[in-house]
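# Examining the three-dimensional arrangement
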Amino acid sequence: MAAYAELQVVYIGSKLQAVALSFASYILFPLIRKFDKIQEYIFLMTIGWCLGMAEMGVVMGLSHELGAFLGGVAMASSPITRFIAESLKPLRDFFLIMFFFTLGAKLDLAILYTVIVPALVLASLMLLLKPFLFRVLLVNLGEQPKLSLEMGVRLGQISEFALLIAMVAFNAALISEAASYVIQAATIISFVASSYYIVMYYPTPIAVSDRLRRD
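We now turn to the structure provided with this report. (Residues numbered from 1 in each chain as written. Predicted model: local features only at pLDDT ≥ 70, side-chain atom pairs only at ≥ 80, totals over all residues. Heavy atoms only, no water.)

## Observations regarding the overall build of the protein chain
What counts, and what does not: Helix and strand assignments follow DSSP, with helices taken as H or I runs no shorter than four residues and strands as E runs no shorter than two, numbered in order from the N terminus. Buried residues are those whose accessible area, probed at 1.4 Å on protein chains only, stays under 20% of the maximum for their type, while exposed residues exceed 50% and partly exposed ones sit between those limits. Counting rule applied: Lys, Arg positive; Asp, Glu negative; His and chain ends not counted. For this purpose, a charge sits on NZ of Lys, CZ of Arg, CG of Asp or CD of Glu.
When its secondary structure is counted, the protein chain shows nine helices and zero strands. Reading the protein chain from its N terminus to its C terminus gives the helix and strand order α-α-α-α-α-α-α-α-α. Along the first, second and third principal axes, the C-alpha set of the protein chain runs to 45 × 45 × 35 Å. Considering the protein chain as a whole, with its 215 residues, one finds that 29% of them fall into the buried category. Between the mean site of the 15 positive side-chain charges and the mean site of the 14 negative ones, the protein chain shows a separation of 8 Å.

## A short note on the packing of aromatic side chains
Put simply, the rule reads: In this scheme Phe, Tyr and Trp rings, the latter by its six-membered ring, pair at centre separations within 6.5 Å, and the angle between planes marks the pair as stacked below 30 degrees, edge-to-face above 60, and tilted otherwise.
The tally for this structure, following the rule as stated, stands at two aromatic pairs. Both rings, one in Tyr 197 and one in Tyr 201, keep their centres 4.8 Å apart while their planes meet at 40°; by these two values the pair is tilted. One end of the pair, Tyr 197, and the other, Tyr 201, are both in helix α9 (residues 177–201), four residues apart, so they sit about a helical turn from each other. By relative accessible area, which is 39% here, Tyr 197 ends up partly exposed.

## Remarks on the packing of helix α8 (residues 161–171) against α9
Any two packed helices are characterised by how steeply their axes cross, that is the angle between the axes, and by the distance between the axes. Operational definition: Here, axes are lines fitted to C-alpha atoms. For helices the fit covers the stretch in contact, and angles between N-to-C directions go from 0 to 180 degrees. Oblique is the label for every angle not falling under 35 degrees (roughly parallel), over 145 degrees (roughly antiparallel), or within 65 to 115 degrees (roughly perpendicular). We call two residues contacting when some pair of their heavy atoms lies within 4.5 Å. Each residue is assigned to one of three groups, with Ala, Val, Leu, Ile, Met, Phe, Trp, Tyr, Cys and Pro labelled nonpolar, Asp, Glu, Lys and Arg labelled charged, and all others, Gly among them, labelled polar.
As a packed pair, α8 and α9 sit with axes 9 Å apart at the nearest point and diverge in direction by 170°. Relative to α9, the element α8 is oriented roughly antiparallel. Mapping the contact onto sequence places Ala 162, Leu 163, Ala 166, Met 167 and Phe 170 in α8 and Glu 177, Ser 180, Ile 183, Gln 184, Thr 187 and Phe 191 in α9. Counted by class, the contact of α8 with α9 contains seven nonpolar, three polar and one charged residues.

## Focus on the nonpolar core
Put simply, the rule is: In this description, a nonpolar core means a group of buried Ala, Val, Leu, Ile, Met, Phe, Trp, Tyr and Cys residues linked to one another through side-chain atoms lying within 4.5 Å.
One finds Leu 28, Ile 32, Trp 49, Met 75 and Ile 84 to be the most contacted residues of the largest nonpolar core, which totals 19 residues. Of all the secondary structure elements, the ones that give two or more residues to this core are α1 (2–34), α2 (39–59) and α3 (64–75). Considering each element in turn, this core owes the most residues, seven residues, to α1. Once you skip the residues sitting within four places of it in the chain, Leu 28 turns out to touch Phe 23, Met 45, Trp 49 and Met 75. With 10 residues, the next largest nonpolar core counts Leu 112, Ala 119, Val 182 and Ala 186 among its residues.

## Examining the packing of α2 against α3
We count it as follows: Crossings are classed by handedness, with left-handed meaning an anticlockwise turn of the near helix from the far one by less than a right angle and right-handed meaning a clockwise turn.
Orientation of α2 relative to α3, taken along the N-to-C sense of each, is 135°, at an axis distance of 7 Å. Considering the angle they form, α2 stands oblique to α3. Considering only the axes of α2 and α3, their crossing is right-handed. For the pair α2 and α3, the contacting residues are Thr 46, Trp 49, Cys 50, Met 53, Ala 54, Glu 55, Gly 57 and Val 58 in the first and His 64, Gly 67, Ala 68, Leu 70, Gly 71, Ala 74 and Met 75 in the second. For the contact of α2 with α3, the class distribution of residues is nine nonpolar, five polar and one charged.

## Things to note about the pattern of salt bridges
Oppositely charged side chains are able to pair whenever their charged atoms sit close together. Selection criterion: When a carboxyl oxygen of Asp or Glu lies within 4 Å of a side-chain nitrogen of Lys or Arg, that pair is called a salt bridge.
Across all of its chains, the model carries one salt bridge by this definition. Across the pair Arg 154 and Glu 150 runs a salt bridge, and its minimum N-O distance is 3.0 Å. Here Arg 154 pairs with Glu 150, and both are found in helix α7 (residues 145–154), just four residues apart, close to one helical turn. On the basis of relative accessible area, Arg 154 is assigned to the partly exposed category, the value being 30%.

## Digging into a nonpolar patch on the surface
Selection rule: To count toward a patch, a residue needs a relative accessible area above 30% and no salt bridge. Like charges then connect within 9 Å, nonpolar side chains (Val, Leu, Ile, Met, Phe, Trp, Tyr) within 5 Å. Each accessible area value is a Shrake-Rupley result obtained with a 1.4 Å probe; residue values ignore everything except the protein chains displayed when judging cover.
On the surface, a nonpolar cluster with roughly 640 Å² of combined accessible area is contributed by Ile 116, Val 117, Leu 120, Val 121, Leu 125, Leu 128 and Leu 129. As for its position among the elements, Leu 128 is in helix α6 (residues 109–140).

Structure, rendered in structure tokens:
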């Protein structure tokens, strides 16, 4: 039953992605190119596109999050993606805070205590292995070893998309509640540990040392 539900999600997601790519290629991108001088137009069109895709996802049997995610993937090939990302940054940060707040409010501490050990193990493995894996891969591509390790450390935390995937998978009954809590707890632990280490030892805008503070 779970395997059937998983295949159904993949099938519906593939159809929605195909629709999104077709609409973006033949309608959305031409409109953006025609009115790209009007920043407010681009901003409102992007918001409308994401909200529309989120609602389309629900209509097709998926979640708002997955629909919006597929809409973002479809827009990734736009030539003004960087401008869109910069213009939506304040809005993105606001909803990111709300997302984490909502996620934290839903956590059941009684269950969280039972999965804290595997979550710590998973977070530790990711924080230890990912930097060196990225270092090896980037060095093989010609990057300097020191810079490669720094990039690996900055990318060492578990992606925030793991939270989204864990929630969607649990709501679709693809994984158990305990497994979802392990993923969420490990991701949050990696956020905290990675952020602390980077702020202490690497250049960032909020570094504790004046020597490391960079805009």
